[in-house]
Amino acid sequence: MVGMSGAYGGHSNGGESRAPKAAVVVGAPPPEMEMEMAGAMGVVHKVAAQPAQSTASKMKGKVKETFFPDDPFRSFKGQPLRAQWVMAARYLFPVLEWLPGYSLSLFKSDLVAGLTIASLAIPQGISYAKLANLPPIIGLYSSFVPPLVYAVLGSSRDLAVGPVSIASLIMGSMLRQAVSPSAEPMLFLQLAFTSTFFAGLVQASLGILRLGFIIDFLSKATLVGFMAGAAIIVSLQQLKALLGIVHFTTQMGIVPVMASVFQHTNETILMGACFLVLLLTARHVSIRWPRFFWISACAPLASVIVSTLLVFLFKAQNHGISIIGSLKCGLNRPSWDKLLFDPTYLGLTMKTGLVTGIISLTEGVAVGRTFASLKDYQVDGNKEMMAIGLMNIVGSCTSCYVTTGAFSRSAVNHNAGCKTAMSNVVMALTVMVTLLFLMPLFVYTPNVVLGAIIIAAVIGLIDLPAAYNIWKMDKMDFLVCLCAFAGVIFISVQEGLAIAVGISIFRVLMQITRPRMMIQGNIKGTDIYRNLHQYKEAQRVPGFLILTVEAPINFANTNYLNERTKRWIEDESSSGNKQTELRVVILDLSAVPAIDTSGIAFLIDLKKSTEKHGLELVLVNPTGEVMEKIQRANDAHDHFRPDCLYLTTGEAIASLSGFAKMATP
């Protein structure tokens, strides 16, 4: 055995072999001894090297796995040019996949679903626009154009598009820090449109550049805590409408909000309380009996109609009940001329667009995947990012603010039996009819009911069972969840989110810099070696220290691995028992997928250190990339001879134990 590619796990014919604490055999053992060893130990397998690849080929493979893990163009191979053009058009415009086979029966289902979600979208659109400190009409505009764009570009059948509470809250709170929506309404509106443009740009860029993995930094624990905190803040902010408070705080923390509540209560809450109870009861009924989903879906619109009639009949606006006021009829007005790229506000709009874009994108993709799994079809994450991004870019030019796939609307859409994205088109057309002809009917709609609708909608974001499961599964994840919740509640929405993301990233860094390393033992009567701490029946092998690493070895963790290994060696060497005296250190690399130059330097230093102490270092089952780096290290200096490499821990122990006995006089 000359080259590393032909290296055997046992002792080589040409290399020097040592048996610690025993006589050293120089040169190759006699043939009769070699045969005796083979018979005693069984077959010793080779540690195979990875097939040679050029650097360009490796880079191509890594780029493909990073940006195209789903290999979206694999079906193009072997197809004629015309077919490839058709497939490319269908890939870019998913509507072409289902529209040619669309039928009347499918339309009937989509019509019912579209009308149902429209009944929810109209009051929610008005409510969420007020939550973002924008004119109510902007909420309806945002429920008209974006759904049409998504129907052409989106890959989900169930996603219902429109404004959402969290993005509305974040946009309103971030922009309000620099501009007052009441003192400078036009400037505030310009900043909202510009932030929406940047949000769409971020979202579309993530999809086009295949960078969707970035949104994975928002873990489930982060989102559970963030959503719960934001839901409480949103609900408290609606106390302004429910209690009829005129001068309400602009801050988002729980302390200033509650201070405003107790200092300025001066109007009746009877109407708000009644409609809130009605909405929560309808929501409970729909959760308890899913077949009555339509009750929860129709409750917001019914509340708007009933409350508007009550205000109109009893002239309640003259008795302290604030109303929306007149809204102009007509479709979306162009707003590309209102996009503001003034350097004074550019940083604010870019930051607001980034935060709202990432949050709304995460919600939209998560909701789409959730309902796709229920119906057993695939949702392309990158297509979704491009679709959501482009609809926000178009929306920013047509008087819309940030939109995405809303969970509440999508749940109603799913339960209503939607079949395709045509339900979004039906919803958009219903909103269009409302914008053209029905806007005067909303003049007397009381703000208190809009506040009740928002509270009823966001209460569903408080997921206590999910928080409890996180607590049971992982206390560190629960800490992340708790920090996100507390940050949103006591500081602000964006700072709370930043704190939670920071803790999540810190945890990932800790896992990288402090990887799992453990001692293995043999399960008696088998050739299986497992973690001593996990498997109580596993026993140490006398004279051997078997270590395993369960992470890539790189510059960030080599110091830790070096110190941890030396400490274990010192503990083993100081036992003082001659029969179990440490002779061999086995490092199992089966769970090490990658290694860098610092990792190779760590292995070389560890080998030199063990040799100084009269010990043998053996590497077991290095994976393809690790073996390739070891080969390259051997090209310069022969650090790892073939007799240092074994395919399994069992073969290493059998080989070294047998050879050590024969080498002892």
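Residues numbered from 1 in each chain as written. Predicted model: local features only at pLDDT ≥ 70, side-chain atom pairs only at ≥ 80, totals over all residues. Heavy atoms only, no water.

Caption draft 1: Structural context of the overall build of the protein chain. A count of helices and strands for the protein chain gives 26 helices and nine strands. Taking all 665 residues of the protein chain together, the buried fraction comes to 52%. Across the protein chain, every contact between residues at least 6 apart in sequence was considered, and the portion connecting residues at least 24 apart equals 80%. For the protein chain, the accessible surface area stands at approximately 30,800 Å², while carbon and sulfur atoms represent 64% of it. (Helix = DSSP H or I, 4+ residues; strand = E, 2+ residues; numbered from the N terminus. Buried < 20%, exposed > 50% of the residue type's maximum accessible area, 1.4 Å probe, protein only. Contact = heavy atoms within 4.5 Å. Areas by Shrake-Rupley, 256 points an atom, 1.4 Å probe, with all protein chains shown as cover.)

Caption draft 2: Broad picture of a nonpolar patch on the surface. On the surface, Ile 305, Val 306, Leu 309, Leu 310, Phe 312, Leu 313 and Phe 314 cluster together into a nonpolar patch covering about 680 Å² of accessible area. By the secondary structure assignment, Leu 309 is in helix H14 (residues 293-314). According to the relative accessible area criterion, Leu 309 is partly exposed, its value standing at 49%. (Patch = residues over 30% accessible without salt bridge, like charges linked within 9 Å, V, L, I, M, F, W, Y side chains within 5 Å. Salt bridge = Lys/Arg side-chain N within 4 Å of Asp/Glu carboxyl O.)

Caption draft 3: Structural view of the state of the cysteines. Evaluation of the coordinates by the stated rule reveals zero disulfides. Here Cys 483 is not disulfide-linked; the sulfur of Cys 481 is the nearest cysteine sulfur, at 9.4 Å. For Cys 483, a relative accessible area of 22% puts it in the partly exposed group. (Disulfide = S-S within 2.5 Å.)

Caption draft 4: Broad picture of the pattern of salt bridges. Tallied over the entire structure, the rule returns 10 salt bridges. The salt bridge involving Glu 572 is made with Arg 540; its shortest N-O contact spans 2.4 Å. Taken together, the residues Glu 572 in helix H23 (residues 558-573) and Arg 540 in the loop between strand S5 (538-539) and strand S6 (544-549) connect sequence positions 32 residues apart. One salt bridge in this structure joins Glu 611 and Lys 607, with 3.5 Å as the shortest N-O distance.

Caption draft 5: Structural context of the pairing of strand S8 (residues 616-620). The buried fraction of S8 is high, at five of five residues. What you see with S8 is no split at all: Glu 616, Val 618 and Val 620 on one side and Leu 617 and Leu 619 on the other are buried throughout. Here strand S7 (residues 584-588) pairs with S8 via five bridges, running parallel. Bridge pairing in S8 places Val 584 opposite Glu 616. In the classification by handedness, the crossover that spans S7, the intervening helix H24 (residues 597-612) and the parallel S8 is right-handed. Summarising the sheet, S8 and strand S9 (residues 645-646) pair through two bridges and their orientation is parallel. Paired with Val 620 across the two strands is Tyr 646, which belongs to S9. (Pairing = 2+ DSSP bridges. Right-handed = clockwise from strand over helix to strand, strands pointing away.)

Caption draft 6: Fine view of the environment of Gly 368. Relative to the helices and strands, Gly 368 is located in helix H15 (residues 343-375). Overall, the relative accessible area of 1% leaves Gly 368 in the buried class. A sequence separation of 209 residues divides Gly 368 from Leu 159, and the C-alpha atoms of the two residues are 5.7 Å apart. When sequence neighbours within four positions are dropped, the list of residues in contact with Gly 368 reads Ser 156, Leu 159 and Val 379.

Caption draft 7: Structural detail: the packing of aromatic side chains. Under the definition given, this model contains seven aromatic pairs. Here a set of aromatic residues connected by ring pairs shows up, and it is made of Phe 197, Phe 198 and Phe 341. In this structure, Arg 157 is placed above the aromatic ring of Tyr 377, and the distance from its NZ or CZ to the ring centre is 4.1 Å. (Phe/Tyr/Trp six-rings, centres within 6.5 Å; stacked < 30°, edge-to-face > 60°. Lys NZ or Arg CZ within 6 Å of the ring centre and 35° of its normal.)

Caption draft 8: Seen up close, the UniProt feature "transmembrane region" (unreviewed entry) in the protein chain. The feature "transmembrane region" (unreviewed entry), as given by UniProt, occupies residues 187-206, 268-285, 292-314, 385-404, 425-443, 449-471 and 478-506 in the numbering adopted here. The annotated region residues 187-206 carries 100% helix and 0% strand content, and the separation between its end C-alpha atoms amounts to 29 Å. Helix makes up 74% of residues 425-443 and strand makes up 0%, while its end C-alpha atoms are separated by 26 Å. (UniProt positions renumbered as here; feature names shortened; annotations may be inferred.)

Caption draft 9: Here's a closer look at the packing of helix H10 (residues 220-237) against helix H21 (residues 475-490). Their axes nearest at 7 Å, the elements H10 and H21 cross at an angle of 25 degrees. Accordingly, the angle class assigned to the pair H10 and H21 is roughly parallel. Like other packed secondary-structure pairs, H10 and H21 cross with a definite hand, here right-handed. Note on element contacts: H21 touches H10 through Asp 477, Val 480, Cys 481, Ala 484, Phe 485, Val 488 and Ile 489, opposite Ala 221, Thr 222, Val 224, Gly 225, Phe 226, Ala 228, Gly 229, Ala 230, Ile 232 and Ile 233. (Axes fitted to C-alpha atoms, helices over the stretch in contact; angles between N-to-C directions. Parallel < 35°, antiparallel > 145°, perpendicular 65-115°, else oblique. Left-handed = near helix turned anticlockwise from the far one by under 90°.)

Caption draft 10: Structural context of unusual backbone geometry. Of note, Asn 133 is a non-glycine position whose phi angle comes to about 65 degrees, a positive value. Of note, Asn 133 is situated in the loop between helix H5 (104-131) and helix H6 (136-141). You will see that Asn 621, though not glycine, has its phi angle at about 50 degrees, which is positive. Here Asn 621 shows up in the loop between S8 and helix H25 (624-636).

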